[in-house]
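# Architecture at a glance
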Number of protein chains: 2
Amino acid sequence: MMDNLFADRVKGLKGSAIREIFKLIQQPDVISFAGGLPAPEMFPAKELAEIAQEVLLNNGTTALQYSVTEGYGPLKEIVKQRMDKAGIGKKEDDIAIMSGGQQGIDLTAKVFLNEGDGIICENPSFIGALNAFRAYNAKLFPVTLENDGMCIEQVENILKANNHVKLIYTIPTFQNPAGITMSLEKRQKLLEMASKHNIYIIEDNPYGDLRFKGQDVPTIKSMDQDGRVIYVGSFSKILSPGLRLGWIVARSDILQKVIIVKQVNDVHTNIFAQVLATQYLLKYCIDEHIKKIRALYGKKCGFMLECMDKYFPDYCEYTRPEGGLFIWCTLPDRYDSVEIMKQSVQHKVAFVPGNTFMADMEKPCSSFRLNYSTMTEEKIEQGIKTLGEVLKSIDN
Amino acid sequence: MMDNLFADRVKGLKGSAIREIFKLIQQPDVISFAGGLPAPEMFPAKELAEIAQEVLLNNGTTALQYSVTEGYGPLKEIVKQRMDKAGIGKKEDDIAIMSGGQQGIDLTAKVFLNEGDGIICENPSFIGALNAFRAYNAKLFPVTLENDGMCIEQVENILKANNHVKLIYTIPTFQNPAGITMSLEKRQKLLEMASKHNIYIIEDNPYGDLRFKGQDVPTIKSMDQDGRVIYVGSFSKILSPGLRLGWIVARSDILQKVIIVKQVNDVHTNIFAQVLATQYLLKYCIDEHIKKIRALYGKKCGFMLECMDKYFPDYCEYTRPEGGLFIWCTLPDRYDSVEIMKQSVQHKVAFVPGNTFMADMEKPCSSFRLNYSTMTEEKIEQGIKTLGEVLKSIDN
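Cut-offs used in this document
Sequence order as written defines residue numbering, which begins from 1 separately in each chain. As they are written, the chains are lettered A onward and the ligands numbered 1 onward, keeping that order. Two thresholds apply to this predicted model, a pLDDT of at least 70 for residue-level local features and 80 or more for giving and counting side-chain atom pairs, whereas whole-chain, interface and lining totals are computed over all residues. Strands are runs of DSSP state E lasting at least two residues, helices are runs of H or I lasting at least four, and both sets are numbered from the N terminus onward. Between the two quantities, the radius of gyration covers C-alpha atoms and the globule rule is 2.2 Å times the number of residues to the power 0.38. Put plainly, a residue is buried at 20 or more neighbouring C-beta atoms within 10 Å of its own, exposed at 12 or fewer, and partly exposed in between, counting only other residues' C-beta atoms, which are placed from the backbone. Paired strands, in this sense, are two strands between which DSSP finds at least two bridges. Here contacts are defined at the residue level, using C-beta atoms placed from the backbone and a cut-off of 7 Å between them. Each axis is a line fitted through C-alpha atoms, taken for helices only over the stretch in contact, and angles between the N-to-C directions span 0 to 180 degrees. Think of pLDDT as the predictor's per-residue confidence, scored from 0 to 100. Note on terminology: a nonpolar core is a set of buried residues of type Ala, Val, Leu, Ile, Met, Phe, Trp, Tyr or Cys, with members joined through C-beta atoms within 7 Å. An angle counts as roughly parallel when it lies under 35 degrees, as roughly antiparallel when it exceeds 145, as roughly perpendicular when it falls between 65 and 115, and as oblique in every other case. In a left-handed crossing the near helix is turned counterclockwise from the far helix by less than a right angle, and in a right-handed crossing that turn is clockwise. Throughout this entry, Asp, Glu, Lys and Arg are counted as charged residues, while Ala, Val, Leu, Ile, Met, Phe, Trp, Tyr, Cys and Pro are counted as nonpolar. The remaining residues, Gly among them, count as polar. When the copies are superposed, the least-squares fit takes in the C-alpha atoms of residues with a pLDDT of at least 70 in both. Domain start and stop positions are those given by an automatic or database domain assignment. By this rule the span expected of a helix is its residue count minus one, scaled by 1.5 Å. What the arc measures is the spread of directions leading from the helix axis to the C-beta atoms.

### Observations regarding the overall build of chain A
In terms of regular secondary structure, chain A is built from 13 helices and 14 strands. Over its C-alpha trace chain A gives a radius of gyration of 21 Å, about what one expects of a compact globule, namely 21 Å for 396 residues. C-alpha atoms of chain A, sized along the principal axes, occupy 65 × 55 × 55 Å. Buried positions account for 57% of the 396 residues belonging to chain A.

### Here's the deal with the sheet that holds strand E4 (residues 139–146) of chain A
All names here are of chain A. In spatial order, the strands read E2-E9-E8-E7-E6-E3-E4-E5; together these 8 strands make up an open sheet with mixed pairing. Edge positions in the sheet fall to strand E2 (93–98) and strand E5 (149–150), since each of these pairs with one other strand and no more. Relative to strand E8 (residues 229–234), strand E7 (residues 200–204) runs parallel, the two sharing 4 bridges. Residue pairing across strands places Ile201 opposite Val229, the latter belonging to E8. Across the sheet, helix H4 (residues 73–85) is in contact with E2 and strand E9 (246–251); its angle to E2 comes to roughly 125°.

### Comments concerning the confidence of the model for chain A
Per-residue confidence for chain A gives a mean pLDDT of 94; residues scoring 70 or more make up 96%. Both confidence scores are given for the complex: pTM 0.96, ipTM 0.96.

### Observations regarding the nonpolar core
Note on soluble globular proteins: their nonpolar side chains tend to be buried together. Core analysis: the biggest nonpolar cluster contains 253 residues, and Ile248, Val258 and Leu276 of chain A together with Ile248 and Leu276 of chain B have the highest contact counts within it. Those residues in contact with Val258 of chain A that lie beyond four places of it in its chain are Ala96, Leu107, Thr108, Val111, Ile248 and Ala250 of chain A.

### Details of the packing of helix H5 (residues 101–112) of chain B against helix H9 (residues 252–266) of chain B
Helices that pack against each other are described as a pair by the angle of their axes relative to one another and the distance between those axes. Residues and elements named next belong to chain B. Their axes nearest at 9 Å, the elements H5 and H9 cross at an angle of 110°. It follows from the interaxial angle that H5 and H9 lie roughly perpendicular. As H5 packs across H9, the resulting crossing turns out to be right-handed. Counted together, Leu107, Thr108, Lys110 and Val111 of H5 and Ile254, Lys257, Val258, Val261, Lys262 and Asn265 of H9 form the full contact between these two elements. Its residues placed into classes, the contact of H5 with H9 shows 5 nonpolar, 2 polar and 3 charged.

### Points about the sheet that holds strand E13 (residues 352–353) of chain A
Residues and elements named next belong to chain A. Spatially, 4 strands are ordered E10-E11-E14-E13 in an open sheet, and the strand pairing comes out antiparallel. Strands with a single pairing partner mark the edges of an open sheet, and in this sheet they are strand E10 (317–318) and E13. Across 2 bridges, E10 lies against strand E11 (residues 326–330) in antiparallel orientation. The partner of Glu317 across the bridge, within E11, is Thr330.

### Let's talk about the relation of the copies chain A and chain B
Its rotation angle being 180°, the transformation that places chain A on chain B also includes 0.0 Å of axial translation and leaves an RMSD of 0.0 Å. Both chain copies can therefore be described as sitting about a two-fold axis. An overlap of 100% is found between the interface residues of chain A and their copies at the interface of chain B, pointing to a shared contact surface.

### Thoughts on the domain arrangement of chain A
Residues and elements named next belong to chain A. Domain boundaries in chain A define domain 1 (3–44 + 288–395) and domain 2 (45–283). Relative placement of domain 1 and domain 2: their C-alpha centres are 24 Å apart. When residues of the side of domain 1 that touches domain 2 are traced back to their parent elements, those giving at least two are helix H1 (8–11), helix H11 (286–311) and E11. Here the side of domain 1 that touches domain 2 gets 7 residues from one element, more than from any other, and that element is H11. Split by residue class, the side of domain 1 that touches domain 2 holds 19 nonpolar, 8 polar and 5 charged.

### Focus on the interface of chain A and chain B
Taken residue by residue, the interface counts 67 residues in chain A and 67 residues in chain B. Elements with a minimum of two residues in the side of chain A that touches chain B: H1, helix H3 (45–64), helix H5 (101–112), helix H6 (127–134), helix H9 (252–266) and helix H10 (271–283) of chain A. It is H3 of chain A that provides the largest number of residues to the side of chain A that touches chain B, a total of 12 residues.

### So, H4 of chain A
Residue and element names in this part refer to chain A. Between the first and last C-alpha of H4 there are 19 Å, a value that for 13 residues agrees with the 18 Å anticipated at 1.5 Å per step. Looking only at H4, the buried set comprises Leu75, Val79 and Met83. Each buried residue of H4 sits inside an arc of 70° when the element is viewed along its axis, so together they form one side. What points out from H4, more than 90 degrees from its buried face, is the exposed set Glu77, Gln81, Asp84 and Lys85. Of the surrounding elements, those touching the buried residues of H4 are E2, E9 and H10. Of the residues one or two after H4, Gly87 is the one with positive phi, at around 70°.

### Topic: the pairing of strand E2 (residues 93–98) of chain B
Residues and elements named next belong to chain B. Along E2, 5 of the 6 residues are buried, which leaves the element largely enclosed by surrounding structure. In the sheet, E2 pairs with strand E9 (residues 246–251) via 6 bridges, with the strands oriented antiparallel. Of the residues in E9, the one forming a bridge with Asp94 is Ala250.

### Observations regarding helix H12 (residues 337–346) of chain A
Residue and element names in this part refer to chain A. Turning to H12, its buried residues are Ser337, Ile340, Met341 and Ser344. Summarising the axial view, the buried residues of H12 lie within an arc of 105°, below the 170-degree limit, and thus occupy one face. Exposed positions of H12 whose direction lies more than 90 degrees from the buried face are Glu339, Lys342 and Gln346. Directly beyond the C-terminal end of H12, a positive phi value near 65° is found at Lys348.

As structure tokens, this is what we get:
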């Protein structure tokens, strides 16, 4: 109608294709490997029910009144202790609670990116972050994701050739969608490069706690000596995504700017949820809880890989993640994963086509993402078998 | 340090002075008329405690899992029914749940305002909204607030002289900070003018339900025939601000854009809070609850005005609100409310100086805002008496 009044930044913006797919596949008989949802049987609903009642009866005014933008003090303190243990955060750094990691990414972009400024990202990468950057009219500089993380030579070439790049966005650990973990060497190089070119790194780490195999690699933030890294953490995969709780660790001058734009964005994060999480973290050992989640995802991932080995055609390549939620599957170039998706959905199996996660979403992509965290083993086997048949039938 | 990398939009941005004052006056012996907090004794903490437990035990997966960006269906339905009753929303309109009214304002601005675009606002106005617009590098066009709402002639002159104005932001009912309600005639004229000049109105209505005197005036949105008004509602003043629940009613093409930027902002509003509010609204009569809040605020406001009549010097003028949370007090031009505030705080009484709410915050302002919703009558009398003495002492 009168959409010529919309700001340039949102004119071309589309909703997440994943969320559209969600709507398509909400029939109960669809086997969906499309989502990125944590396993709901791992939500500590019973424990939270008890705590919620206590909080509202004993501390209702705090939990229901307006609060401070930077986050509930006791929750910040607990997060700080966890971060300290992981070597994250120096004395120049501070912590703020966010309404989910997504808000941390969005507001960091808002604080740094003028229209047209550049941001380097892995290709493929998390669509929620890419769309957040697009919504500031930023220029995405995609970098090939190799088996040990983003291609550092490409990063260097981009930085040499472009003055207006301000940020690097990376999910170094159990990347979404690829499930890949960046090597220590590349993490160090990325940090050196950020220093050398005076730019910043957003380290998005929602899956870091979900390792079920192999050895931990230090976070980029833990090696950060001069405040180059804005670290984004999340309670979504270790406690509950519905509560929308995340945090940022960053140099305090950067964090102050983020807090100011948060103040005009949502005033503060739901304080009832913050008090609830605090009491849960004080009363229960979340590391014990995380152990159970890891064991479950490790089992499901291992089982899905077994099924893929058994039912997928030989030319199909896929990552073998050591943690997180996703397997990334790549076919020879002649395949288009959107076409495969369409046929697969007719056989009641869903996944997310790879182009969704690419800086250029229009270009056909022969890769796709599989999620293993929510389906039962029975459905995993049935779905992977069906998908294998679809792949083979396309081949003929 | 390296803040030259910050985006232009946040370089000059300051935090809300009110929130800074909050920190100053958190000593328990300060009588504060500075906040805008709802009376905590009105929070239905006991009822919510019971519902919270039920929700988590019986519907934990829904309340703790990821959810849809536009909001929880049953909550949208209840809000829709309330809006229908008030004549708000035509068939072209739709509703989305927001993380507080503030998010609705912020994201509407994001959807419309390119850098440098203009937005007309009342002067004084709500600082949270003004700062949200500033954070998109928008140009504020302040319009004098008269006793029956914004000066329509000024609005017209601005629209005639400037091409890049896209929005009018108004709190027509029990305005923050002035407590003023816009007349029906001005509401109609504003709407006509928006149509004529092809621009949009953000109608921010967090206080509309809090009338304790006089007759309701129709909302601008209820008279909106061609989708000119983006209506922002809030549960903060009728249920709880800590839960961060608000909503938008707008033409669906506009709402779709808001939902897309919300998706990259916080994915969705805390779903536990949404389910909690839904169950509360189904189980209890919120209109009965609102009646109690109105009665309390009416009593407190009347009492504060009585005290002001008794203790304030004659040359002090102030609004006599029929609802909401605020009285706006104006001294002769020679006074500077920041200076009065400094002296007043030394006598342990706090309020917010008027310049805080002005488009030009640097200019001295002889007005200030008083809030009556949280203090006891005893403290109201003591504080207003002290403030009256401060005013008289400055005069000498």
